[in-house]
Amino acid sequence: MTERTETALRETLHELMRAGVSVDLEALDQIYHNDLQILMLTDDGALMSTDKAGCLALLKETFRGKTPEDHMWAKIHAVSVSGDRGHVLISRKIPIGGPEMLIDLSIDLIHQDGRWQVIREVNFSRPATAAA
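This report concerns the structure included in the present document. It should be emphasised that the depicted structure is a prediction, and the values quoted were computed from it without experimental measurement. (Residues numbered from 1 in each chain as written. Predicted model: local features only at pLDDT ≥ 70, side-chain atom pairs only at ≥ 80, totals over all residues. Heavy atoms only, no water.)

### Comments concerning the environment of Gln117
And step 1. Structurally, Gln117 is set in strand E6 (residues 115-127).
And step 2. By relative accessible area, which is 4% here, Gln117 ends up buried.
And step 3. When the C-alpha positions of Gln117 and Met72 are compared, they lie 20 Å apart, and in sequence the two are 45 residues distant.
And step 4. Sequence-distant contacts of Gln117, defined by excluding residues within four places in its chain, comprise Gln30, Ile31, Tyr32, His33, Asp108, Leu109, Ile110 and Gln112. (Helix = DSSP H or I, 4+ residues; strand = E, 2+ residues; numbered from the N terminus. Buried < 20%, exposed > 50% of the residue type's maximum accessible area, 1.4 Å probe, protein only. Contact = heavy atoms within 4.5 Å.)

### Describing a nonpolar patch on the surface
And step 1. A grouping of Leu41, Leu47 and Phe124 is seen on the molecular surface, where their side chains present a nonpolar patch of about 280 Å² in accessible area.
And step 2. Tracing the backbone shows Leu47 in strand E2 (residues 47-50).
And step 3. Given the relative accessible area of 62%, Leu47 is considered exposed. (Patch = residues over 30% accessible without salt bridge, like charges linked within 9 Å, V, L, I, M, F, W, Y side chains within 5 Å. Areas by Shrake-Rupley, 256 points an atom, 1.4 Å probe, with all protein chains shown as cover. Salt bridge = Lys/Arg side-chain N within 4 Å of Asp/Glu carboxyl O.)

### Regarding helix H1 (residues 6-22)
And step 1. When the terminal C-alpha atoms of H1 are compared, their 24 Å separation across 17 residues agrees well with the 24 Å that a helix rising 1.5 Å per residue should span.
And step 2. For H1, the complete set of buried residues consists of Ala8, Leu9, Thr12, Leu13, Leu16, Met17, Ala19, Gly20 and Val21.
And step 3. Just downstream of H1 lies Val23, where phi reads positive at about 50°. (Expected span 1.5 Å × (residues − 1).)

### Digging into the environment of Lys52
And step 1. With respect to the element layout, Lys52 can be found in helix H3 (residues 52-63).
And step 2. For Lys52, a relative accessible area of 8% corresponds to the buried category.
And step 3. Note: C-alpha distance between Lys52 and His111 (59 residues apart in sequence) is 17 Å.
And step 4. Beyond its immediate stretch of four places on either side in the chain, Lys52 contacts Asp29, Tyr32, His33, Asn34 and Leu36.

### Re the pattern of salt bridges
And step 1. With the rule as written, the count across this model stands at five salt bridges.
And step 2. In this structure, Arg126 engages Asp104 in a salt bridge whose closest nitrogen and oxygen atoms are separated by 2.5 Å. Placement of Arg126 in strand E6 and of Asp104 in strand E5 (residues 101-112) is noted, with a sequence separation of 22 residues between them.
And step 3. Its relative accessible area of 30% is what places Arg126 among the partly exposed residues.

### Observations concerning the sheet that holds E6
By way of backbone hydrogen bonds, the strands of a sheet pair with one another, either parallel or antiparallel.
And step 1. Ordered in space as E2-E1-E6-E5-E4-E3, the six strands form an open sheet in which the pairing is mixed. Edge positions in the sheet fall to E2 and strand E3 (74-82), since each of these pairs with one other strand and no more. Here the average twist between neighbouring strands, direction ignored, is 15°.
And step 2. The sheet strands contacting H1 are strand E1 (32-41), E3, strand E4 (85-94), E5 and E6, and the helix crosses E3 at an angle near 135°. (Pairing = 2+ DSSP bridges. Axes fitted to C-alpha atoms, helices over the stretch in contact; angles between N-to-C directions.)

### Quick look at unusual backbone geometry
And step 1. At Val23, a position not held by glycine, the phi torsion is positive, near 50°.
And step 2. Tracing the chain through its elements places Val23 in the loop between H1 and helix H2 (25-31).
And step 3. The phi torsion at Asp113 lies on the positive side, around 55°, for a residue other than glycine.
And step 4. Mapped onto the elements of the fold, Asp113 is located in the loop between E5 and E6.

Below, the structure is given as structure tokens:
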């Protein structure tokens, strides 16, 4: 059983990153909550939203034919736990929609069914070359 600690939350985050770039749908199904909501604000101001099924389809498309190890870059800015709620603020470089983008993610998690699960992500993207 996963503990309600920052260490366990970080472990879940690393599992999420590995599963995402490897398109490990079984692992992602366990990490993403059934009520997952993702909101993404693009660099041109467009808002996109999706659910769990849409997220899994996007990951399959994004990482098809890619080498997972090439897409593990991350900078974790903050991790916090309060009871059965967790939050992660992280930046990632991933090839969403073609070229590599810098994505800043605000990830809300809930500890349910004995494990941390992502319930909501709010993401902001911009070209990786434009990032400082």
